[in-house]
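Observations on the model geometry
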Amino acid sequence: MSAPVPELRERATACADRLCDADEVLLASHIDADGLTSAAIASSALARAGIPFETVFSKQLDVEEIASIAATEYETVLFTDFGSGQLDIIAEHESAGDFTPVIADHHQPADADTKFHLNPLLFGLDGSSELSGAGASYVLARALESENTDNTDNRDLAALAVVGAVGDMQISDGELVGANIGIVEEGIEAGVVETGTDLALYGKQTRPLPKLLEYATDVYIPGISNNKNGVLRFLDGVGIDLMENGDWRRWVDLTDEERQIVASALVKRAMRKGVPAAKIEGLAGTSYTLAAEEKGTELRDVSEFSTLLNATARYERADVGLAVCLGDRGDALERARTLLTNHRRNLSEAINWVQTEGVTREENVQWFHAEDRVRETIVGIVAGMAVGADGIDRGTPIFAFADKNEDEVKVSGRGTPGLTREGLDLSVVMKEASRAVGGDGGGHNVAAGATVPKGTESAFIERADEIVGEQLE
């Protein structure tokens with residue numbers, strides 16, 4: 001059997017063997033798009049291998065959550081898209097004989113280890129950009145194939161791994177890189193993933209063409225981005241039919257020739273408006289399409305699929321997101337679409353609030369506290385989307401607080417690839433600053449999160465500002 005990520009083959013095989021030796025497995029996973037796809041990949045692989053299992057989800061794997069898992073009757077627990085950062089706590093339960101952990105994760109590991117720990121960071125691969133949690137789960141799924149006497153081919157699960165990677169913001173310079181490439185190639189071989197070069201805009205499958213361009217702000221084009229009338233004037237000058245049977249056409253509805261006409265006109269407009277050449281290059285990138293999904297739906301494009309998933313578990317409906325990942329195109333998909341509408345409305349309202357209220361600037365960081373105005377499950381998304389808006393500096397790490405309960409506050413941090421190249425590591429910042437005030441956290445160098453006691457936000461920011469200053473000096 002070929003290995004999608006050769007560096008992880010031996011460890012993945014050991015993890016697969018341990019799972020096959022278990023009478024039953026408790027599968028515990030995170031709730032974002034990467035976590036849901038991780039769980040779907042792992043559950044599919046376990047089912048195909050004939051291993052009984054139960055699936056549970058958690059917003060944050062903390063001391064209490066791990067203790068709850070330890071209190072179950074399961075002797076083997078598979079953690080996907082988290083577990084590495086909590087390995088010091090997990091290791092204590094393992095030593096006590098509570099359960100044997102198997103971990104498929106990509107986050108920064110704590111200062112402990114366990115035998116069945118599948119993480120790209122342990123093998124010289126970047127978990128922030130080269131392999132996601134879903135990618136680690138996919139590597140494990142491929143290793144489980146050899147234990148299945150039915151000659152199961154798990155390469156079809158590469159589609160979900162690509163969704164997880166894109167949902168985890170692992171696109172770099174317009175494409176997936178590193179170990180993710182091997183997974184994409186296996187998805188292509190299996191006929192479930194298609195790639196091409198296209199406009200790097202969100203919503204090509206579902207958004208009406210005017211909205212596609214109006215909401216495209218990653219590359220800001222004066223007179224088009226955030227400008228409804230400007231977009232209509234631009235499209236009118238392009239000279240293509242925008243309507244079909246009384247409805248706006250979408251990018252996916254255009255012919256190849258029409259797409260080329262629009263793309264060329266967009267580049268020319270950007271050049272005339274003085275958009276830097278490096279930014280203009282960002283208008284194009286590698287597209288990742290799921291071949292088995294219906295054209296013009298949220299599931300066809302991996303970016304839209306990942307957003308749909310984020311709209312489920314972050315609103316306490318992880319079961320809906322998992323069902324969609326596992327192929328439910330009936331009730332679960334309709335429920336997910338309803339949740340997506342609500343999710344988009346909440347994001348829009350939250351971002352408008354942040355832009356109106358602004359952020360507080362420290363020497364090295366910027367931050368805002370949404371209190372109960374923004375759900376703590378989406379405050380990190382809001383922080384990331386707000387970066388670059390008026391008054392919010394793209395070149396400064398941003399921290400966002402939101403009330404979690406009466407006693408705790410969620411804090412999310414977001415940076416940029418450019419800042420990480422300069423030395424920023426928000427995983428370290430979150431862990432050290434949160435623990436300094438009695439909380440805990442972790443994540444990636446470019447994006448991380450923590451929970452801290454209510455009332456300690458100022459002390460957290462003070463310590464975070466110091467650490468960031470030291471990293472970027």
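Because the structure is a prediction, the values reported are computed rather than measured. (Residues numbered from 1 in each chain as written. Predicted model: local features only at pLDDT ≥ 70, side-chain atom pairs only at ≥ 80, totals over all residues. Heavy atoms only, no water.)

**Quick look at the overall build of the chain**
Going by this rule: Numbering goes from the N terminus for both helices and strands, where a helix is a DSSP run of H or I of at least four residues and a strand is a run of E of at least two. Taken over C-alpha atoms, the radius of gyration is set against a globule rule of 2.2 Å times the number of residues to the power 0.38. Burial status follows relative accessibility: with a 1.4 Å probe on protein chains alone, a residue under 20% of its type maximum counts as buried, one over 50% as exposed, and anything between as partly exposed. Two residues qualify as a contact provided that any one of their heavy atoms is within 4.5 Å of a heavy atom in the partner residue. The accessible surface values rely on the Shrake-Rupley method and a 1.4 Å probe; as for residues, cover is taken only from the protein chains in view.
Summing up its helical and strand segments, the chain has 18 helices and 15 strands in all. For 473 residues, the compact-globule estimate of 2.2 N^0.38 gives 23 Å, and the C-alpha radius of gyration of the chain, at 22 Å, lies within 12% of that figure. With respect to the three principal axes, the spread of C-alpha positions in the chain is 70 × 55 × 40 Å. Burial statistics for the chain: of 473 residues in total, 55% are counted as buried. The contacts in the chain between residues at least 6 apart in sequence include a share of 67% that link residues at least 24 apart. Element-wise, carbon and sulfur atoms account for 44% of the exposed surface of the chain, whose accessible area totals about 20,100 Å².

**As for the pattern of salt bridges**
Selection criterion: Salt bridges are defined as contacts in which a side-chain nitrogen from Lys or Arg sits within 4 Å of a carboxyl oxygen from Asp or Glu.
Scanning the model with the defined rule gives 23 salt bridges in all. Salt-bridge contacts for R329 lead to E293; the nearest nitrogen and oxygen are separated by 2.8 Å. Note that R329 is positioned in the loop between α13 (318-325) and α14 (331-357) and E293 in the loop between β9 (284-290) and α12 (302-313), a separation of 36 residues in sequence. On the accessibility criterion, E293 (16% relative accessible area) is buried.

**Focus on the sheet that holds strand β12 (residues 398-403)**
The line we're drawing: Only strands joined by at least two bridges in the DSSP assignment are considered to pair. Lines fitted to the C-alpha atoms define the axes, with helices restricted to the stretch that makes contact. Angles between their N-to-C directions range from 0 to 180 degrees.
Taken together, 6 strands build an open sheet; the order of strands is β10-β11-β12-β13-β15-β14 and the sheet is mixed. The open sheet has two edge strands with one neighbour each: β10 (360-361) and β14 (440-443). Alignment of β12 against strand β13 (residues 408-414), held across 6 bridges, turns out to be antiparallel. In the strand pairing of β13, A400 is matched with S412. Each of β11 (366-369), β12 and β13 is contacted by helix α15 (residues 379-386), which is oriented at about 35° to β13, the strand it contacts most.

**Concerning the packing of aromatic side chains**
Stated precisely, the cut-off is as follows: Side-chain rings of Phe, Tyr and Trp, where Trp is taken by its six-membered ring, are said to pair if the distance between their centres is within 6.5 Å; with planes under 30 degrees apart they count as stacked, over 60 as edge-to-face, and otherwise as tilted.
Under the definition given, this model contains 6 aromatic pairs. Centre to centre, the rings of F79 and F82 are 6.4 Å apart; their planes meet at 65°, and the pair counts as edge-to-face. Exposure class is identical for F79 and F82. Each is buried. Judged by centre distance (6.0 Å) and plane angle (75°), the ring pair of F399 and F460 falls under edge-to-face. Pair noted here: F399 is in strand β12 and F460 is in helix α18 (residues 457-472), with a separation of 61 residues, a long-range link. Residue class for F460 comes out buried when judged on its relative accessible area of 0%. An aromatic cluster is present here, built from W367, F399, F401 and F460 joined pairwise through their rings.

**Considerations on the nonpolar core**
To keep it simple, the criterion reads: Each nonpolar core is a collection of buried residues, namely Ala, Val, Leu, Ile, Met, Phe, Trp, Tyr and Cys, held together in the definition by side-chain atoms within 4.5 Å.
Core analysis: the largest hydrophobic core is formed by 91 residues, its most contacted members being L19, L78, F305, F368 and V382. Of all the elements, α14 adds the most residues to this core, at 10 residues. Contact partners of L78, with chain neighbours within four places excluded, come to L19, V25, L26, L27, A28, A42, L46, V102 and L140. Listed in part, the 25 residues of the second largest apolar core include V219, I224, V231 and V238.

**Observations regarding the sheet that holds strand β3 (residues 76-80)**
Strand order in the open sheet made by the 5 strands is β2-β1-β3-β4-β5, with parallel pairing throughout. Among the strands making up the open sheet, the edge pair consists of β2 (53-57) and β5 (117-118). In the packing of helix α4 (residues 87-95) onto the sheet, the strands contacted are β3, β4 (100-104) and β5, and the crossing angle to β4 comes to about 155°.

**Looking at the packing of helix α3 (residues 63-70) against α4**
Spelled out, the test is: Orientation categories follow fixed angle ranges, with anything under 35 degrees roughly parallel, anything over 145 roughly antiparallel, 65 to 115 roughly perpendicular, and all other angles oblique. Helix crossings are classified by the rotation of the near helix relative to the far one: an anticlockwise turn of less than a right angle makes the crossing left-handed, while a clockwise turn makes it right-handed. Following the grouping adopted for this structure description, the nonpolar residues are Ala, Val, Leu, Ile, Met, Phe, Trp, Tyr, Cys and Pro, the charged ones are Asp, Glu, Lys and Arg, and the polar ones are all others, Gly among them.
Closest axis-to-axis distance for the α3/α4 pair is 10 Å, and the angle between their directions is 25°. With respect to α4, the axis of α3 lies roughly parallel. Read as a crossing pair, α3 and α4 show a hand that is right-handed. Within the contact between the two elements, α3 uses V63, I66, A67 and A70 and α4 uses I89, I90 and H93. Grouping the constituent residues of the contact of α3 with α4 by class yields 6 nonpolar, 1 polar and no charged.

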